[in-house]
Amino acid sequence: MRRFAPLLLIIFSVPLLGASEGPRRILILNSFGRDFTPYNSVTSKFREDLARLSPKPVELLDISLETMRFDTADEAPVVDYVGALCARRPIDLVVAIGSPAYRFWERHRAELLPDTPALIAAVEERHFDGKPPEQDAVVALRLDLPGVLENLLAVRPGTHNVYVVIGDSPLERYWLAHLRREWGPFEKKVNLVYWNEVPFDEMVRRAAQLPSDSAIFFALLVQDAAGVPHEQEAAVEALRDAANAPLFGWSDNLLGHGIVGGPLLPLKEVGRATARAALRVLAGEPAGQVRSPVLAADRPSYDWRQLRRWGIDEASLPSRSTVLFHPTSLLRKYRWVILGTGLLIAAQAIAISGLLISRRRRLQAEEEAARLRHELAHAGRVSALGQLSSSLAHELNQPLGAILRNAEAAEIFLDATPPNLQEVRAILADIREDDQRAGGVIDGIRGLLRRHPVEFSSIELAGMAERMMILIRPDAQSRRIEVSAEVAPGLPDIHGNSVQLQQVLLNLLINGMEAMERNGSEGRRLRLKIGANGGNRVQMSVSDSGPGIPSEDLPRVFENFYTTKPGGMGMGLAICRQIVEAHGGEIEAANDPGGGTTFRVTLPMARVSA
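Calculation criteria
Residue numbers restart at each chain and count upward from 1, following the sequence in its written direction. Totals for whole chains, interfaces and linings use all residues, but because this is a predicted model, local features are given only for residues with pLDDT of at least 70 and pairs of side-chain atoms are given and counted only at 80 or more. Derived side-chain values reflect all non-hydrogen atoms in the structure, with water molecules and hydrogen atoms excluded from consideration. We count a stretch as a helix when DSSP gives it H or I for four or more residues in a row; a strand needs E for two or more, and each element gets its number in order from the N terminus. Pairs of residues are marked as contacts when any of their non-hydrogen atoms sit within 4.5 Å. We call a residue buried when its accessible area falls under 20% of the maximum for its residue type, exposed when it is over 50%, and partly exposed in between, using a 1.4 Å probe and counting protein chains only. Two strands are said to pair when DSSP picks up at least two bridges between them.

### Let's talk about the overall build of the protein
A tally of regular secondary structure across the protein gives 17 helices and 20 strands. For the protein, long-range pairs separated by at least 24 residues make up 71% of all intrachain contacts whose partners lie at least 6 apart in sequence.

### A word on unusual backbone geometry
Residue Pro38 follows Thr37 across a cis peptide bond; omega there is 10°. Along the chain, the position of Pro38 falls in the loop between β1 (24–31) and α2 (39–53). Its identity as a non-glycine residue notwithstanding, Asp129 has a phi of 50°, on the positive side. Residue position: Asp129 is located in the loop between β4 (118–124) and β5 (137–142). Within the chain, Arg480 stands out as a residue other than glycine whose phi angle is a positive 60°. Note on placement: Arg480 falls in the loop between α15 (461–478) and β15 (482–487).

### A short note on the pairing of β5
With five of six residues buried, β5 is to be regarded as a mostly interior element. Bridging between β4 and β5 involves five bridges; their strand directions are parallel. Bridge pairing in β5 links Leu119 to Ala137. Bridge count for β5 against strand β11 (residues 295–296) is two bridges, and the pairing is parallel. Across the sheet, Arg142 pairs through a bridge with Ala296, a residue of β11.

### Here's the deal with the environment of Ala409
Position of Ala409 among the secondary structure elements: in helix α13 (residues 389–415). Accessibility expressed as a relative area gives 22% for Ala409, which makes it partly exposed. C-alpha separation for the pair Ala409 and Val424, spaced 15 residues apart in sequence, amounts to 8.2 Å.

See the structure below:
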């Protein structure tokens with residue numbers, strides 16, 4: 001009675017668990033115990049799937065029939081316990097897992113729960129003697145004993161001795177009889193040795209000393225010949241470590257614990273089928289009508305580690321075989337991560353290469369565009385000077401003519417007696433002044449016409465304005481235009497390219513003169529004004545007294561190839577804008593209220609990078 005003391009404690013605590021209403025209650029009869037292999041694989045999967053699939057709460061009550069291992073077990077205390085439990089708690093379904101639990105239920109159904117539906121699960125169909133219970137739901141198994149031995153001999157063709165590990169409990173004696181009968185035809189080509197009368201310790205010792213052409217078949221070990229109970233997985237692992245021959249079995253729960261493998265019964269699938277059948281009964285379907293397909297071994301499964309240990313080639317395995325427990329190398333374990341990372345790196349490399357090629361092409365295009373801009377700017381300067389050529393020729397003729405006349409006068413004064421040296425000195429001073437005047441004009445023209453790299457330097461604004469006036473004044477006089485320049489005193493130098501900024505002013509001044517062509521001969525005024533604009537900026541403005549720019553054209557005057565002049569290219573003001581922006585400045589155009597147009601160029605006083 002000491003064994004059943006915990007059961008009595010459960011009986012007296014039952015009233016605390018609730019009344020009859022509530023979740024559906026299932027009584028589970030476990031053969032030899034809830035954790036006994038191989039039935040524990042079925043039980044655990046049954047409980048898991050039942051909890052996941054049941055639409056309503058289910059309460060599971062476990063009964064472990066541990067005494068069923070022994071021949072002389074007294075079942076009366078277990079029956080009393082189950083009866084007391086069922087009397088206090090209504091049971092909606094009885095699930096007997098394994099043939100020992102099925103036999104117990106058959107013997108005591110009438111005195112326990114005669115009207116409660118039952119589900120018989122994980123019972124090999126031989127136990128039904130061809131007559132499964134008609135009133136109960138059944139999830140049966142089919143174990144092909146000849147097929148198991150045939151697989152062993154096919155995978156290990158040189159085997160001549162097969163040692164069968166099996167105990168001496170009632171269940172094991174039942175299966176021993178079937179093994180002898182169904183494997184009898186094989187005894188002509190293989191020696192079958194049954195260890196049912198050998199204690200397990202002796203089995204382990206013998207397993208280490210077997211002939212080289214041997215194999216071990218683990219059938220069942222509930223209780224050995226010495227009456228010692230054993231757990232199946234622990235027994236298999238002990239044999240695995242000691243044996244000098246490969247170990248085979250019949251159920252998938254032992255795969256990974258030491259058996260080579262073969263056509264194994266899928267015990268977890270049995271648990272799933274049991275859960276589905278139980279839900280059908282709980283839903284109201286009569287138990288006798290719930291018939292699940294008999295489950296048998298499907299695809300053979302093998303342990304890669306045991307194949308390698310015993311030198312079994314995977315090519316010798318049956319078709320459609322599954323090989324498990326391959327070594328988990330980093331490459332194999334993270335192959336998808338490595339593959340994905342490699343593809344990502346490759347994609348990034350391609351993208352980066354594409355970007356570098358695109359950047360190289362863009363830089364080449366920018367360099368070509370810059371070269372073309374410089375050529376176009378040079379062409380603009382040549383064109384502007386071409387427009388001023390007649391005026392520049394006149395401007396040069398004046399000092400050259402003055403030099404010639406002064407030279408003639410000097411000869412006259414030198415021929416006098418005595419020579420008038422004082423007048424000669426004055427004439428030489430005039431010649432020097434006229435020469436410097438002509439040289440300044442030539443230098444300005446040469447500077448604007450010359451191709452040279454864009455270099456930034458310090459620019460004195462007053463001097464630049466004076467040079468512009470020298471260049472345009474002759475043309476302005478021929479057009480009868482009054483020109484003037486006003487430079488605020490004390491302006492600091494700016495940092496930029498002198499030729500480019502002179503081109504901007506020259507273009508704006510010429511445009512202003514051309515804009516006044518339609519004015520009468522009176523009132524033509526062109527003004528250049530340079531002064532400070534805020535604390536750190538300089539503004540240069542060019543104002544004319546022409547008719548102004550049409551308001552619809554004003555926003556587009558700085559666009560490429562847009563012009564309002566007949567025969568114009570539309571590039572002059574666009575080049576001016578590019579030059580100004582390259583100097584970090586801004587350029588704008590506006591019509592004056594009293595008529596005419598003013599172009600304003602704003603440049604920073606501080607140094608700006610080219």
